[in-house]
Amino acid sequence: MKKTQLAVIILFICFNAVCQETPEKVRISVDLNSEIGELNPFWAWFGYDEPNYTYMKDGKKLLSELSALSPVPVYVRTHNLLTSGDGKPALKWGSTNIYTEDINGNPVYDWTIIDSIFDTYVERKMRPLAQMGFMPEALSSKPQPYRHFWKPGDPYDDIYTGWRFPPGNYEKWGELIYQWVKHSVEKYGKDEVEKWYWELWNEPDAKYWGGTVEEYCTLYDYSADAVKRALPAAKVGGPHITGPANSNAARFLTEFLKHCESGINAATGKTGAPLDFVAFHAKGAPRFIDGVVRMNMGAGLRQIDRGFSIIASNAKYRNLPVIIGECDPEGCAACGMTQYPQNGYRNGTMYSSYTAASFARIYDLAFEYKVNLLGVVSWSFEFEDQPWFHGFRDLATNGVDKPVLNVFRMFGMMGPDRVDARSDKGFTYKSVIDSGVRGSRTDVGALASKGPDYTTVMFWNYHDDDKFSPDASVEFSMTGIPARKVNITQYRIDKDHSNSYEVWMKMGSPQDPSPEQYAELEKAGMLEMYGKKSKGKVKNNVLLVSTPIQRQGVGLLKIEWK
């Protein structure tokens, strides 16, 4: 036999050995008698930059789906609710033209566009996390230039124009907020608006705010006072800083809390300002290394860890509701993968597994710090009339759901009470913060819950690196089930299930799908069962269930009894 033939045979054998490598065995134990506490549906919060997408065709469709998947009312946060303009959407831009002035400088209020936005929410039993921002052109202390025309690939700083500056007249700003809240109460009713949350601005520690900390606190005083005058029981808060692990952001948050507690209120002259919730942001930091996307879940969790620490250490505000106002793998939803290849993770299952694994750690962090975590906003929506699967951070593309949306469908199927789940191949939140999910091991973990006659377990096989590895073989050992016979249903998000992106690529990546192709893509975007429903028997108080899961896959196991 020639050496070249021998080399080919050896290479073939080695290749097959790698491809047929024995799956990693994982044991996950779930104890239904070990209750941790309420599994608060903090995940039912979403947000986006472009408010005018709200009442457009695909925007309405997606909002209807979000409302349908959640057992509780969904909250929605958007930028640009007070921005001046003609109401035409663009990337990282939107407007309502809510405020202009006549030739004598008198206020002119126009509720048309803002009503269209909030009508869309209320019709679907959704609620606004109403952002008081940005600065109307007629009120800005530095209005020009005002409208930006940023597009992916342009310098990001191009977006920072006249909308970001403090008002030239704080009294006029306060009156705008008062009239807005008053109008909302008149239109939607006192009981409804009291369930909303009112927030001031976005990331004022960064370039979104063209003023100082002191000027932000002054704006907050006028805003909070106006909200409470219009509706005393309304809930108002802030400051929605960037990640608190950054020293500047942490300092901003600390000074803001101090002002609310003991500062002189610029609007009333009294001590302190009303504060009903505290908000900050947390982002990861993916990179593109040697042709491979590498996520950084640890960076985002580090921001949350620090934010919770600051709030938990504040004697006055430690029990207030906390909202993580943007919580995502990275920072720019409108930055597609063509110009930013590190964002290529967004179309497939890596986004799904990251979301499942990171949200489970957020539950752990909230439990550790004993904070009152109310909401975690996924800053991802949809971008109207854009190329298919363009790598935006969105939940759907052209009306077709992406894999990540099915993670939220899974969350919507979880029970109300969290129970103990332990994996012998899972990572702790501390280890993820310290060193990420790197090396040869994947993070195969679980989040378990129960209801009156069922239990649900979300599980995942996550790694920071978007590479192939063999499936993990998971054996669930479940105790505390009060029945001898059960019904078992599984769902899956992976390359073969609940994955419109894989189906689209197999079609040849059409940018103008036929009606038949569109229907197939819509179906592929829904949450799909894994296999068929089956029966199970509880023996010696233990139910055993075995199942594989692909790398970057997410599964849901539902056990029911009567």
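Values in this document were obtained by computation on a predicted structure and should not be read as measured data.

Trainee: So, the environment of Tyr530: which residues are in play, and what are the values?
Mentor: When you line up the elements, Tyr530 lands in the loop between β21 (528-529) and β22 (534-537). Setting aside residues no more than four positions away along its own chain, Tyr530 makes contact with Gln490, Tyr491, Arg492, His497, Thr547 and Pro548.

Trainee: Can you break down the packing of aromatic side chains residue by residue, with the values?
Mentor: All chains considered together, the criterion is met by 49 aromatic pairs. Seen in terms of ring centroids, Tyr48 and Phe381 are 3.9 Å apart; in terms of plane orientation they differ by 10°. Their pairing is stacked. Of this pair, Tyr48 sits in strand β2 (residues 45-48) while Phe381 sits in the loop between β13 (372-378) and β14 (396-397), placing them 333 residues apart in sequence. Pair check on accessibility: Tyr48 and Phe381 agree, each one buried. Centroid distance Phe459 to Phe476: 5.0 Å. Interplanar angle 75°. Geometry classified as edge-to-face. Taken together, the residues span a long stretch of sequence, with Phe459 in strand β18 (residues 454-462) and Phe476 in strand β19 (residues 472-479) at a distance of 17 residues. The ring of Phe149 is capped by Arg147, whose NZ or CZ atom sits 4.4 Å from the centre of that ring. Directly above the aromatic system of Phe367 lies the positively charged group of Lys370, at a separation of 6.0 Å from the ring centroid.

Trainee: Describe a positive patch on the surface, and please don't skip the residues or the numbers.
Mentor: A surface patch of like charges, here positive, comprises Arg484, Lys485, Lys535, Lys537 and Lys539. By the element assignment, Arg484 lies in the loop between β19 and β20 (485-493).

Trainee: Give a detailed account of the packing of helix α4 (residues 170-188) against helix α6 (residues 213-230), specifying residues and quantitative values.
Mentor: Where α4 contacts α6, the two axes come as close as 8 Å, and the packing angle between them is 35°. In this structure, the crossing between α4 and α6 has a hand that is right-handed. On the side of α4, the interface is formed by Tyr170, Glu171, Trp173, Gly174, Ile177, Tyr178, Val181 and Lys182, while α6 contributes Glu215, Thr218, Leu219, Tyr222, Ser223, Ala226, Val227, Arg229 and Ala230. Residue composition of the contact of α4 with α6, grouped by class: ten nonpolar, three polar and four charged.

Trainee: An account of the sheet that holds strand β3 (residues 75-78) is needed here, citing residue identities and associated values.
Mentor: Sheet strands line up and pair through hydrogen bonds in the backbone, either parallel or antiparallel. In spatial order, the strands read β2-β3-β6-β7-β8-β9-β12-β13; together these eight strands close into a barrel with parallel pairing. Across the sheet, the axes of successive neighbouring strands diverge by a mean angle of 30°, strand direction being ignored. Both β3 and strand β6 (residues 127-132) contribute to a ladder of two bridges, which runs parallel. When the sheet's bridge partners are listed, Val76 is paired in β6 with Pro128. The sheet strands contacting helix α8 (residues 297-312) are β9 (277-283), β12 (321-328) and β13, and the helix crosses β9 at an angle near 160°. Against the sheet, helix α9 (residues 349-369) touches β12 and β13, its axis set at about 160° to β13.

Trainee: Please provide a residue-by-residue account of the pairing of strand β7 (residues 197-200), values included.
Mentor: Moving residue by residue along a regular strand, the side chains alternate between the two faces of the sheet. Taking every second residue as pointing to the same face, both faces of β7 are buried, with Tyr197 and Glu199 on one and Trp198 and Leu200 on the other. Taken together, the four bridges between β6 and β7 define a ladder with parallel strand orientation. Bridge assignment links Ala130 to a residue of β7, and that residue is Trp198. Here β7 pairs with strand β8 (residues 235-241) via three bridges, running parallel. For Trp198, the partnering residue across the bridge sits in β8 and is Val236.

Trainee: For the pattern of salt bridges, give the residues involved together with the corresponding values.
Mentor: By the definition in use, this model includes 30 salt bridges. When the shortest N-O distance is used, the salt bridge between Glu330 and Arg346 registers 2.7 Å. Highlighted residues: Glu330 in the loop between β12 and α9 and Arg346 in the loop between β12 and α9, separated in sequence by 16 residues. Residues Glu330 and Arg346 agree in their burial class; the two are buried. Linked through salt bridges whose partners overlap, the residues forming this network are Arg77, Glu199, Lys283, Glu326, Asp328, Glu330, Arg346 and Arg393.

Trainee: Let's hear about the state of the cysteines: which residues, and what values?
Mentor: If you walk through the whole model with that rule in mind, you get one disulfide. At a sulfur-sulfur separation of 2.1 Å, the disulfide partner of Cys332 is Cys335. Because the torsion about its S-S bond is 80°, the bridge between Cys332 and Cys335 counts as right-handed. On the basis of relative accessibility, which here comes to 4%, the residue Cys335 falls in the buried class.

Trainee: Hey, could you go over the pairing of β20 for me, with residue numbers and the actual values?
Mentor: For β20, the tally of buried residues reaches seven of nine residues, placing the bulk of the element in the interior. Across four bridges, the pairing between β20 and β22 is antiparallel. Within β22, the residue paired with Ile488 across the bridge is Ser534. Sheet topology places β20 next to strand β24 (residues 554-560); seven bridges connect them, and they run antiparallel. Looking at the pairing, Asn487 lines up with Glu560 of β24. Strand direction decides the pairing type here: β20 and β21, joined by two bridges, are antiparallel. Across the sheet, the residue bridging to Tyr491 is Met529, located in β21.

About the criteria used
- Residues numbered from 1 in each chain as written.
- Predicted model: local features only at pLDDT ≥ 70, side-chain atom pairs only at ≥ 80, totals over all residues.
- Heavy atoms only, no water.
- Helix = DSSP H or I, 4+ residues; strand = E, 2+ residues; numbered from the N terminus.
- Contact = heavy atoms within 4.5 Å.
- Phe/Tyr/Trp six-rings, centres within 6.5 Å; stacked < 30°, edge-to-face > 60°.
- Buried < 20%, exposed > 50% of the residue type's maximum accessible area, 1.4 Å probe, protein only.
- Lys NZ or Arg CZ within 6 Å of the ring centre and 35° of its normal.
- Patch = residues over 30% accessible without salt bridge, like charges linked within 9 Å, V, L, I, M, F, W, Y side chains within 5 Å.
- Areas by Shrake-Rupley, 256 points an atom, 1.4 Å probe, with all protein chains shown as cover.
- Salt bridge = Lys/Arg side-chain N within 4 Å of Asp/Glu carboxyl O.
- Lys, Arg positive; Asp, Glu negative; His and termini not counted.
- Charge placed at Lys NZ, Arg CZ, Asp CG, Glu CD.
- Axes fitted to C-alpha atoms, helices over the stretch in contact; angles between N-to-C directions.
- Left-handed = near helix turned anticlockwise from the far one by under 90°.
- Nonpolar A, V, L, I, M, F, W, Y, C, P; charged D, E, K, R; others polar.
- Pairing = 2+ DSSP bridges.
- Disulfide = S-S within 2.5 Å.

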